[in-house]
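# Report on the structure
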Amino acid sequence: MGRPKITHNESKKIIAGTYASELRRAKDCTADGETITTKQRSTILMRNMFPKKRPTYRVLDWSFYPTLCEIYAWMDSITKECPKVVTGFDIGRSYEGRLIRGLKLSFRPGKKAIFIESNIHAREWITSATCTYLIRELLFSRDPDVRELAESLDWWIIPVFNVDGFAFSHEEYRLWRKSRRPSGEDCIGIDLNRNFSYKWELRKCGDPSSNMYSGPHAESEPEVKQLTNFINNNIPDGSIKVYIALHAAAQAVLIPWAFTKMRPKHYNELLQVADAFADASFRRYHTRYICATMANVLKLVSGTSTDWAHGVKGIPIALCLELPGKGTPRRFELPEEMILRVGAELVDGFIGMIKAVKELGHI
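Residues numbered from 1 in each chain as written. Predicted model: local features only at pLDDT ≥ 70, side-chain atom pairs only at ≥ 80, totals over all residues. Heavy atoms only, no water.

As recorded in an unreviewed UniProt entry, the protein chain goes by the name Zinc carboxypeptidase-like, listed as coming from Glossina fuscipes. Under the heading Cofactor (unreviewed entry), UniProt records this for the protein chain: "Zn(2+)". (UniProt positions renumbered as here; feature names shortened; annotations may be inferred.)

If you trace the backbone, Arg25 turns up in helix H1 (residues 19-29). With a relative accessible area of 5%, Arg25 lands in the buried category. For Arg25, the residues in contact, after removing those within four places along its chain, are Thr30, Tyr57, Cys69, Tyr72, Ala73 and Asp76. (Helix = DSSP H or I, 4+ residues; strand = E, 2+ residues; numbered from the N terminus. Buried < 20%, exposed > 50% of the residue type's maximum accessible area, 1.4 Å probe, protein only. Contact = heavy atoms within 4.5 Å.)

Right, let's get into the UniProt feature "domain: Peptidase M14" (unreviewed entry) in the protein chain. Here the UniProt feature "domain: Peptidase M14" (unreviewed entry) sits at residues 64-357. With 37% helix and 19% strand, residues 64-357 has its two end C-alpha atoms placed 33 Å apart.

For the rest of this paragraph, the subject is the side chain of Thr260. Within the secondary structure layout, Thr260 lies in the loop between strand S10 (252-255) and helix H8 (267-285). A residue is classified by how much of its surface remains accessible, and Thr260, at 16% relative accessible area, is buried. A distance of 3.1 Å separates a polar side-chain atom of Thr260 from the backbone nitrogen of Met262. Setting aside its immediate chain neighbours within four residues, Thr260 contacts Ala295 and Leu300. (Polar contact = N/O pair within 3.5 Å; in protein donor to acceptor, adjacent residues only side chain to side chain.)

Let us look at the packing of H1 against helix H2 (residues 38-49). Direction vectors running N to C along H1 and H2 enclose 145°, while the axes themselves pass 9 Å from each other. Handedness of the H1/H2 crossing: right-handed. Judged by residue contacts, Tyr19, Glu22, Leu23, Ala26 and Lys27 of H1 engage Arg41, Ile44, Leu45, Arg47 and Asn48 from H2. (Axes fitted to C-alpha atoms, helices over the stretch in contact; angles between N-to-C directions. Left-handed = near helix turned anticlockwise from the far one by under 90°.)

Next up on the list: the UniProt feature "active site" (unreviewed entry) in the protein chain. UniProt records the feature "active site" (unreviewed entry) at Glu322, using the numbering of this structure. Its location among the elements puts Glu322 in strand S12 (residues 317-323). Non-local contacts of Glu322, meaning those with residues more than four positions away in its chain, are made with His247, Ala248, Ala249, Ala250, Gln251, Ala252, Leu254, Tyr289 and Leu298.

In this model, the protein chain carries an average pLDDT of 92, and 94% of its residues clear a pLDDT of 70 or more. In the model, residues 6-12 has pLDDT below 50 throughout and makes 18 contacts with residues more than four positions away in sequence or in other chains. (pLDDT = per-residue confidence, 0-100.)

Turning next to the packing of aromatic side chains. Scanning the model with the defined rule gives 16 aromatic pairs in all. Ring geometry for Phe115 and Tyr243: centres 5.7 Å apart, planes at 10°, overall stacked. Residue Phe115 is located in strand S5 (residues 113-118), and its partner Tyr243 is located in strand S9 (residues 240-248); the two are separated by 128 residues in the primary sequence. A relative accessible area of 0% means that Tyr243 is categorised as buried. Taken together, the ring pairs connect Trp155, Phe277, Tyr289 and Phe350 into an aromatic cluster. Cation over ring: Arg101 sits above Tyr72, and NZ or CZ is 4.9 Å from the ring centre. (Phe/Tyr/Trp six-rings, centres within 6.5 Å; stacked < 30°, edge-to-face > 60°. Lys NZ or Arg CZ within 6 Å of the ring centre and 35° of its normal.)

The next point concerns the sheet that holds strand S6 (residues 154-158). If you walk across this open sheet you meet the eight strands as S3-S4-S6-S5-S9-S12-S10-S11, and the pairing is mixed. The open sheet terminates on both sides in strands that have one partner only, identified here as strand S3 (86-93) and strand S11 (290-293). When strand polarity is set aside, the average angle formed by the axes of neighbouring strands in this sheet is 20°. Sheet strands in contact with H8 are S10, S11 and S12, and its direction is about 35° off that of S12. (Pairing = 2+ DSSP bridges.)

Next up on the list: the nonpolar core. Nonpolar side chains tend to gather and get buried jointly when the protein is soluble and globular. Counting 95 residues, the largest nonpolar core has Phe115, Trp155, Leu319 and Phe350 as its most contacted members. With 12 residues, the single largest contributor to this core is helix H11 (residues 339-359). Ignoring any residue separated from it by four or fewer positions in sequence, one finds Trp155 in contact with Leu103, Lys104, Leu105, Ile114, Ile116, Leu134, Leu138, Leu149, Ala150 and Phe350. Among the nonpolar cores identified, the runner-up in size contains seven residues, and Leu254, Ala258, Met294 and Cys320 belong to it. (Core = buried A, V, L, I, M, F, W, Y, C linked by side-chain atoms within 4.5 Å.)

So this is what it looks like as structure tokens:
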């Protein structure tokens, strides 16, 4: 198992958008994009009249950390290339007006589902980078184990959930974590992973200046409310058997609960699946993940998406995957050359994890 190679048609290409595609992407990616101004429309039109001034997007080859526009441009190309398998969806708009987009991958109808939300914390760029790599492998890998993984489930994947914070971390402050809604006098942002409704009040953080501010009440944030509404209203109840929240950088597979150190009812099953991910992801580069409840690795918190998925939706396997970075001087800023390595380990881990879920009879 060496360094993974890009064997599909990815390269260091540059995409120059058409007027229609740039206008759509402006609506998707910029603040208040849904109500894009006449001046902005004119600017985009002028860019297309003078090709040298067109904005360009790098084609993803997992050698760099992409922007939101580059991820969305890539999602558009994947949807166009694989129309029988890939369907685009969105859950709505963020506080600042950006579209929160996802992809559904379905090779055959009638499958149980896995739901993945990634980059809920803005600074954790490795999550969206490796999440897109996972999508690439599910679609194009010829490895029999990956093919089995891909075709065993319907995949609902949101590569960047906290779109406002993610854009801000690219444009203004690299280590920004929260959303971008004003939260108090001279304070900006809510920790979206402390805003879900399950047991929210038990361990809430009421300090708007804190990086873990939970918001004024459960599901106060449009991003969180729209995610829960989307799952409730657009995915058949009981069909999601695995929920994954992709984070960095504790290098751990974390199971509920986060709000208490008491173990969940199906702790042994959850731990078995977590161990299967850790064992499978270890084999390639010997990266060691720890497996435990969230409360025993992180401090006690409430309002997490995985607690909501397990406690409210009854999704049997709900895990927080904390990607590598632990112990490094700048744990949220892994070097770009690590993207392919972490991505390959993530795919390996998913292969082991889904095999374990099958053995338990959930899919």
